[in-house]
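If you want the building blocks of each chain, they are given just below.
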Amino acid sequence: GYQVGKSAAGRGGVTLKCGHTICKDCSHSLVESSISGAIGVPVSCPVGCNSLMSPQMLRHSLSDDLFERFQRIHTVKMSLQA
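Fair warning: this is a prediction, and the values are worked out from it, not measured in the lab.

Chemist: If you had to explain the packing of helix α2 (residues 24–36) against helix α4 (residues 64–81) to someone new, which residues and values would you point to?
Modeler: In contact at an axis separation of 10 Å, α2 and α4 are set at 50° when each is read in the N-to-C sense. Here α2 lies oblique to α4, going by the angle between them. Relative to α4, the crossing made by α2 is left-handed. Here α2 contributes H28, V31, E32, S34 and I35 to the contact with α4, which in turn contributes L66, R69, F70 and I73. Of the residues belonging to the contact of α2 with α4, the class tally is five nonpolar, two polar and two charged.

Here it is, written out as structure tokens:
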């Protein structure tokens, strides 16, 4: 499962617009799953509140390569849904 909450924030976690915080490892896992096609893009908050995760929200927890790949796929998928 995903680590959410104060313990996640203390380890370089990311706080989403919805206020939920996910740990760095979980954000990596979610992004890698979205790039591989295992989960849909845009990526939703793993807590299930349906808040969306943008590449910019996760920028500081991702490597440059992973960020760029996630940003590319996110931009393409969002443009297709428009």
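Chemist: Can you explain the nonpolar core? Please cite residues and give values.
Modeler: Ranked by size, the top nonpolar core spans 16 residues in total, and within it L16, I22, V31, M53, L58, L62 and F70 carry the most contacts. For this core, the secondary-structure elements that each account for two or more residues are α2, α3 (55–58) and α4.

Chemist: I'd like a description of the pattern of salt bridges, backed by residues and values.
Modeler: When the charged atoms of two side chains lie near each other, side chains of opposite charge can form a pair. Scanning all chains against the criterion turns up two salt bridges. In this structure, D64 and R59 form a salt bridge, with 2.5 Å as the shortest nitrogen-oxygen distance.

Chemist: Which residues make up the environment of N50, and what values do they have?
Modeler: Among the structural elements, N50 can be located in the loop between β3 (43–44) and β4 (52–53). By relative accessible area, N50 is classed as exposed at 61%. Separated by 32 residues in the primary sequence, N50 and C18 have C-alpha atoms spaced 8.8 Å apart.

Chemist: Which residues make up the side chain of S61, and what values do they have?
Modeler: With respect to the helices and strands, the residue S61 is situated in the loop between α3 and α4. Exposure remark for S61: the relative accessible area of 3% places this residue in the buried category. When residues no more than four places from it in sequence are discounted, the contact partners of S61 are G12, V14, K24, S27 and H28.

Chemist: Tell me what's going on with α2, and back it up with residues and numbers.
Modeler: Spanning 13 residues, α2 covers 18 Å between terminal C-alpha atoms, matching the ideal 18 Å at 1.5 Å per step. Looking only at α2, the buried set comprises C26, S27, L30, V31, S33 and S34. Down the axis of α2, the sector holding all buried residues measures 160°, keeping them to one side. Of the exposed residues in α2, the ones pointing more than 90 degrees away from its buried face are D25 and S36. In this structure, the buried residues of α2 make contact with β1 (14–15), β2 (21–22), β3, β4, α3 and α4.

What counts and what doesn't
- Residues numbered from 1 in each chain as written.
- Predicted model: local features only at pLDDT ≥ 70, side-chain atom pairs only at ≥ 80, totals over all residues.
- Heavy atoms only, no water.
- Axes fitted to C-alpha atoms, helices over the stretch in contact; angles between N-to-C directions.
- Helix = DSSP H or I, 4+ residues; strand = E, 2+ residues; numbered from the N terminus.
- Parallel < 35°, antiparallel > 145°, perpendicular 65-115°, else oblique.
- Left-handed = near helix turned anticlockwise from the far one by under 90°.
- Contact = heavy atoms within 4.5 Å.
- Nonpolar A, V, L, I, M, F, W, Y, C, P; charged D, E, K, R; others polar.
- Core = buried A, V, L, I, M, F, W, Y, C linked by side-chain atoms within 4.5 Å.
- Buried < 20%, exposed > 50% of the residue type's maximum accessible area, 1.4 Å probe, protein only.
- Salt bridge = Lys/Arg side-chain N within 4 Å of Asp/Glu carboxyl O.
- Expected span 1.5 Å × (residues − 1).
- Arc of directions from axis to C-beta.

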